[in-house]
Amino acid sequence: ILVLLSLYYSIFYSENKLSRLEALFIFSYIAMFSLPFWSSMIHSTSFSEIDNYIRFLLVIPVYLTLRDIDIPFKKFITIINVTSILIGIFSLYFLFIDGQTRVRGFTSSAVVFGNISLLFCILSFLSIQTYKKRFVLLPIVASASALIAWASTGSRGSVIFLLIFILLLFTRHFRETISFSKKTVFYTLVVLFTTFIINPSVIERFSNAYSSTYNYIIEDSSHHWKHKDSIVPRLNIWKASLFMIDNNF
C-alpha cells in the first residue's frame, strides 16, 4: 500500500526537483537493482532471489514521497522513540506468547528484525540530547526496549555495529559531539550487560558456532547441517561462490 500510494504521489504530485547529490542517491538504488539482476540472468542458480533486488526500485517512489513531507524534527524524533517502544513490546509478545525462540517479529527473518531493532535502539539513544530533563525518560526507555528486541533475535552479525558504537562512546570527540557525559556512557554499558544477562541467546549462539566451527576447521571433524548455530554451511556456500567465480570469471 505504501509503495502504491508513493508511486501515485511521485507521478502526479511530486515536483521531483532533485539536487545532484539526490540524483546520485537515486542512481545508487538503480545500480543496486541492476547489477545483481544482470548477474542472476547470466549465472543460473536455484536461489536468484530477484525479489530482493526489486526492493531497491520500489523504495525510489517512497523516497520521492517522503522528501516532500514536512515533518517537524521533534515530532520525527518522537515517532522514532514510540516505534522503538512498540518494537520491544512486539518482541516480548512473539518471545513469550507466540513461542518464537529467535524472534523474527513482523519480518521474514530474525536477522532482519534484529537489524531493524538495533537501528532504532541507536537512533533513540542518540535522541536523548534533544530532550529536556523532564522528558528524557522517553528515549531511555525506547532505546532499552529496542535493545531487548534485538537481543531476543539472537542476531550475531549486527554485534559488530553495536561494538563499534560502544567504542565510539569511549572517544571524547564522539561524546562531545552528541553531548554525552561519562556518566551516561556508564549507565549505557550497565543496560547493555543487563540485557545480555537477561537474554543470553546471542552469547550462546556465538559459543555454539565457535565449538562446531573450530572442530570442523582445526580438527577436521565431521559436520552435520543440523549442528546448532554452526556457520559451517555458510563457509561451504562461500567456497562454492568462489568456485563459481573462478570458473565463470
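Residues numbered from 1 in each chain as written. Predicted model: local features only at pLDDT ≥ 70, side-chain atom pairs only at ≥ 80, totals over all residues. Heavy atoms only, no water.

A. Quick peek at the overall build of the protein chain. Helix and strand counts for the protein chain stand at 11 helices and 0 strands. Put simply, the protein chain runs from its N terminus to its C terminus through helices and strands in the order α-α-α-α-α-α-α-α-α-α-α. Relative to its full complement of 249 residues, the protein chain shows a buried share of 32%. A sequence separation of at least 24 residues applies to 65% of the contacts in the protein chain between residues at least 6 apart. (Helix = DSSP H or I, 4+ residues; strand = E, 2+ residues; numbered from the N terminus. Buried < 20%, exposed > 50% of the residue type's maximum accessible area, 1.4 Å probe, protein only. Contact = heavy atoms within 4.5 Å.)

B. Looking closely at the packing of aromatic side chains. Applying the stated criterion across every chain, the model contains 10 aromatic pairs. Where Tyr8 meets Phe12, the ring centres are 4.8 Å apart and the plane angle is 45°; that geometry is what we call tilted. In this pair, Tyr8 and Phe12 both sit in helix H1 (residues 2–12), 4 residues apart, roughly one turn of the helix. Tyr8 sits in the partly exposed class, given a relative accessible area of 48%. (Phe/Tyr/Trp six-rings, centres within 6.5 Å; stacked < 30°, edge-to-face > 60°.)

C. Looking closely at the pattern of salt bridges. Summed over the entire model, instances satisfying the criterion amount to 2 salt bridges. Taking the shortest distance from any N to any O, the salt bridge between Glu22 and Arg67 comes out at 2.8 Å. Of this pair, Glu22 sits in helix H2 (residues 20–42) while Arg67 sits in the loop between helix H3 (50–66) and helix H4 (73–96), and the two are 45 residues apart along the sequence. Its relative accessible area of 18% is what places Glu22 among the buried residues. Of the charged contacts in the structure, one is a salt bridge between Arg67 and Asp68, with a shortest N-O distance of 3.7 Å. Note on Arg67: relative accessible area 28%, which makes it partly exposed. Residue Asp68 is classed as partly exposed on the basis of its relative accessible area of 31%. Here the salt bridges do not stand alone but share partners, grouping Glu22, Arg67 and Asp68 into one network. (Salt bridge = Lys/Arg side-chain N within 4 Å of Asp/Glu carboxyl O.)

D. Representation of the nonpolar core in the model. Trp150, Leu162, Phe165, Leu169 and Leu192 are the most contacted members of the largest nonpolar core, which totals 26 residues. At the level of secondary structure, the elements contributing two or more residues to this core comprise H4, helix H5 (110–126), helix H6 (137–153), helix H7 (159–169) and helix H9 (182–198). With 6 residues, H5 is the largest single contributor of residues to this core. Setting aside anything within four residues of it in sequence, one finds Leu192 in contact with Leu147, Leu162 and Ile166. (Core = buried A, V, L, I, M, F, W, Y, C linked by side-chain atoms within 4.5 Å.)

E. Representation of the confidence of the model for the protein chain within the structure. Per-chain confidence: the protein chain averages 82 in pLDDT, with 86% of residues scoring 70 or above. Taken element by element, the predicted model of the protein chain shows its lowest mean pLDDT in helix H10 (residues 201–217) (70) and its highest in H4 (93). (pLDDT = per-residue confidence, 0-100.)

F. How the structure looks around H2. With 23 residues, H2 extends 33 Å between its outermost C-alpha atoms, agreeing within 8% with the 33 Å of an ideal straight helix rising 1.5 Å per residue. Those residues of H2 lying buried are Glu22, Ile26, Phe33 and Ser40. Residues of H2 that are buried sit in contact with H3. (Expected span 1.5 Å × (residues − 1).)

G. Summary view of the packing of H5 against H6. Between H5 and H6, the least distance of the axes is 8 Å, while the angle of their chain directions is 160°. It follows from the interaxial angle that H5 and H6 lie roughly antiparallel. Handedness of the crossing formed by H5 with H6: left-handed. Contacts between H5 and H6 involve Ala110, Phe113, Gly114, Ser117, Leu118, Phe120, Cys121, Ser124 and Phe125 from the former and Pro139, Ala142, Ser143, Ala146, Leu147, Ala149, Trp150 and Thr153 from the latter. (Axes fitted to C-alpha atoms, helices over the stretch in contact; angles between N-to-C directions. Parallel < 35°, antiparallel > 145°, perpendicular 65-115°, else oblique. Left-handed = near helix turned anticlockwise from the far one by under 90°.)

H. View of the packing of H5 against H7. Where H5 contacts H7, the axes come no closer than 11 Å and their chain directions differ by 15°. Considering the angle they form, H5 stands roughly parallel to H7. As for the relative orientation of H5 and H7, their crossing is left-handed in sense. On the side of H5, the interface is formed by Leu118, Ile122, Phe125 and Leu126, while H7 contributes Phe161, Leu162, Phe165 and Leu169. Broken down by class, the residue content of the contact of H5 with H7 amounts to 8 nonpolar, no polar and no charged. (Nonpolar A, V, L, I, M, F, W, Y, C, P; charged D, E, K, R; others polar.)

I. Highlighting the side chain of Ser127. Position of Ser127 among the secondary structure elements: in the loop between H5 and H6. Not counting residues up to four positions away in its chain, the partners in contact with Ser127 are Ile77, Asn81 and Pro139.

J. Expanded view of the side chain of Thr107. Position of Thr107 among the secondary structure elements: in the loop between H4 and H5. A polar contact is formed between the side chain of Thr107 and the backbone oxygen of Arg104, at a distance of 2.6 Å. A distance of 3.5 Å separates the side chain of Thr107 from the backbone nitrogen of Phe113, its partner in a polar contact. (Polar contact = N/O pair within 3.5 Å; in protein donor to acceptor, adjacent residues only side chain to side chain.)

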